[in-house]
Amino acid sequence: MRPIIPDYLAEVLGDVEPDASGEPAGYIPELATADTKYLGAAFAMLDGEVYGSGDIDIEFTIQSISKPFVYALALSDRGFDSVLAKVGVEPSGEAFNEISLESDTGRPLNPMINAGAITVHSLAGAEDLDPAGRVERVLRGLSAFAGRRLKMDEAVYASEIEHAHRNLAIAHMLRSHDILTGDARTVVDGYTRQCSVLVTARDLAMMAATLANRGMNPLSGEQVVPEAVVRQVLSVMFSCGMYDAAGDWGTQVGIPAKSGVAGGLIGALPGQVGIATFSPRLDVHGNSVRGVSLFERFSSDMGLHVMEVPPAALAVLRSNHVVGSGPNALRVLELQGGIGFAGAERVVKEAVDNPPSEVKVALDLTRVYSIDDVARRMLLEIARRLTLSGHDVYLVDPESIMKDPDPGDGGRVTVVDSVDQAAIPMGAVQ
Ligand code: DON
């Protein structure tokens, strides 16, 4: 069978292809002369599979798409407190190169605008690194997200640094507020090198997939940054990643995202997929025109908006029935699916509203594929309270889905492989 996803991607690329609106970034010749016909889209799944269509192996500079990844490196290298003391997490609602600083502290509003990203660059790696060491830390970190060694485009770097007047102005403002403590020009130099790293849409999709996969690169298996860092980064991408278009993006597309002036655009859908598109013409916000259209299509065609309401937790309780009769009757609460807080609440409610009259009660987890920590604690508390009110409680758990099934504090459960085992009359020989 032909793979389905590349065919779908090719169809959507075909639909947006005729749109020639927008202009490539014009502030340096290397970007202004970019080939505007390039168009590609890639999906990286969390098992490392990549589906793509169009120009997904053409290299271009990462630019601002480096920002969330270097923010992740700084958070893991220096800790949350040190980074938050220097860079906030509030959307600025302004352009990416606006000097958006808090009026009293001089702290940049967020790490996705240039003021924040320049500061974040200075926080990557250990404090005592020299500038070259810091750039190497950034390059190594970005490479770990991509799962291959990346390199820099020296021509783009040289041209950018020649035209970096605005970023230098921002950096000097940051230095005057002591947000930057080192030489402002050196930090801009490092940040400009960071923006000049070459990637393909395939790389970017894998980098986004690493975020979607809780910080573990799906190809290399390397845990690039801790889970808590990923949550922080995705949250900031959601509220600030698309600059002054973040509100429209958040409502219409609803995927944590980041754009770059070379035409790249990424989205990371937690637990599902990393997406990247490449098309150099930009809109007034500095976001790729056809990239935005592609993401709008992906989100609506496939229901990828993160605020899409998940299937009702009601479905967690598959049935509530009795097996056998008389003193050996077994009350079975048959559960299914993945259980989180709301699903576990459904089971608690059932046990409270319809208290079992049978002595033997089983929670049947045979059709359950995951139980998160809060659900685990709630289900064990049901078991504990049932024990205390005189029930014999069974956990039907043939695949040991429930970790450490000990309710503690007077509770007791007997773990069995099947409902039949729990239903066997007490004292009967099998
Ligand atoms: O800092 C700059 O101006 C560029 N090197 C990167 C800006 C960028 O990619 C903005 N994103 N759309």
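For the structure itself, consult the block above.
Caption draft 1: Quick look at the overall build of the protein. Scanning the protein for helices and strands turns up 16 helices and 12 strands. Projecting the C-alpha coordinates of the protein onto the three principal axes gives extents of approximately 85 × 50 × 35 Å. The burial tally for the protein puts 51% of its 430 residues in the buried class. Contacts in the protein between residues at least 24 apart in sequence constitute 67% of all its contacts with a sequence separation of at least 6. As presented, the protein carries roughly 18,600 Å² of accessible surface, and 52% of it is formed by carbon and sulfur atoms. In the protein, 35 positive and 57 negative side-chain charges are present, and the distance between their average locations comes to 3 Å.

Caption draft 2: The state of the cysteines, seen in detail. All chains considered together, the criterion is met by 0 disulfides. Cysteine Cys195 remains unbridged, with the sulfur of Cys240 as its closest cysteine sulfur at 17 Å. Look at Cys195 and you get buried, because its relative accessible area is 4%.

Caption draft 3: Molecular detail of the site of the ligand. Lining the immediate environment of the ligand, one finds 14 residues, of which Gln63, Ser64, Asn114, Tyr191 and Val261 sit closest. Contacts to the ligand include Tyr27, whose side-chain N or O atom sits 3.4 Å from a nitrogen atom. Asn167 places a polar side-chain atom, nitrogen or oxygen, 3.1 Å from an oxygen atom of the ligand. When the ligand is considered free in solution it has 340 Å² of accessible area, and contact with the protein chains removes 96% of it. Tallied by class, the residues present in the shell around the ligand amount to 6 nonpolar, 7 polar and 1 charged.

Caption draft 4: View of helix 6 (residues 131-146). The first and last C-alpha atoms of helix 6 sit 23 Å apart over 16 residues, in line with the 22 Å expected at 1.5 Å per residue. Here helix 6 has its buried residues at Arg134, Val135, Arg137, Val138, Leu139, Gly141, Leu142, Ser143, Ala144, Phe145 and Ala146. The inward-facing, buried residues of helix 6 contact helix 3 (66-78), helix 5 (114-122), helix 9 (184-195) and helix 10 (201-212). Directly after helix 6, the chain includes Gly147, whose backbone phi takes a positive value near 85°.

Caption draft 5: Examining the sheet that holds strand 2 (residues 50-54) more closely. The strand order across the open sheet formed by 5 strands is 2-1-7-6-5, and the pairing between neighbours is antiparallel. Bordering the open sheet on either side are strand 2 and strand 5 (257-259), each of which pairs with just one other strand. If you compare each strand with its neighbour and ignore which way they point, the axes differ by 10° on average. Strand direction decides the pairing type here: strand 5 and strand 6 (residues 264-269), joined by 3 bridges, are antiparallel. Its bridge partner being in strand 6, Lys258 is matched across the sheet by Ile266. Contacting strand 1 (40-45), strand 2, strand 6 and strand 7 (273-278), helix 10 runs over the sheet at an angle of about 150° to strand 7.

Caption draft 6: How the structure looks around the sheet that holds strand 11 (residues 392-396). Strand order in this open sheet of 5 strands is 8-9-10-11-12, and the pairing throughout is mixed. At either margin of the open sheet sits one strand with a lone partner, and together these are strand 8 (317-323) and strand 12 (413-416). Each strand axis lies, on average, 20° off the axis of its neighbour in the sheet, ignoring direction. As defined by bridge partners, strand 9 (residues 330-339) adjoins strand 10 (residues 360-371) across 9 bridges and the pair is classed as parallel. Across the sheet, the residue bridging to Glu334 is Asp364, located in strand 10. Of the strands in this sheet, strand 8, strand 9 and strand 10 are in contact with helix 14 (residues 341-353), which crosses strand 9 at around 165°. Lying on the sheet, helix 15 (residues 373-388) is in contact with strand 9, strand 10, strand 11 and strand 12; it crosses strand 10 at an angle near 175°.

Caption draft 7: Region of the structure containing helix 13 (residues 289-302). Under the 1.5 Å per step criterion, the end-to-end length of helix 13 is 20 Å for 14 residues, consistent within 8% with the ideal 20 Å. Residues Val289, Arg290, Gly291, Val292, Leu294, Phe295, Phe298 and Ser299 constitute the buried set of helix 13. Check the buried side of helix 13 and you find it contacts helix 1 (4-16), strand 1, helix 12 (246-252), strand 6 and strand 7. For helix 13, the side-chain oxygen to backbone nitrogen distance between the N-cap and Gly291 is 3.0 Å, and the N-cap itself is Ser288. Just downstream of helix 13, Gly303 is the residue with a positive phi angle, here 60°.

Caption draft 8: Inspection of the environment of Tyr369 at higher detail. By the element assignment, Tyr369 lies in strand 10. The spacing of Tyr369 and His172 is 197 residues in sequence and 54 Å in space, taken between C-alpha atoms. Those residues in contact with Tyr369 that sit more than four places away from it in its chain are Gly337, Gly338 and Ile401. Of the polar contacts made by the side chain of Tyr369, one reaches the backbone nitrogen of Gly338; its length is 3.5 Å.

Rules used throughout
Residues numbered from 1 in each chain as written. Predicted model: local features only at pLDDT ≥ 70, side-chain atom pairs only at ≥ 80, totals over all residues. Heavy atoms only, no water. Helix = DSSP H or I, 4+ residues; strand = E, 2+ residues; numbered from the N terminus. Buried < 20%, exposed > 50% of the residue type's maximum accessible area, 1.4 Å probe, protein only. Contact = heavy atoms within 4.5 Å. Areas by Shrake-Rupley, 256 points an atom, 1.4 Å probe, with all protein chains shown as cover. Lys, Arg positive; Asp, Glu negative; His and termini not counted. Charge placed at Lys NZ, Arg CZ, Asp CG, Glu CD. Disulfide = S-S within 2.5 Å. Near = heavy atom within 4 Å. Polar contact = N/O pair within 3.5 Å; in protein donor to acceptor, adjacent residues only side chain to side chain. Nonpolar A, V, L, I, M, F, W, Y, C, P; charged D, E, K, R; others polar. Expected span 1.5 Å × (residues − 1). Pairing = 2+ DSSP bridges. Axes fitted to C-alpha atoms, helices over the stretch in contact; angles between N-to-C directions.

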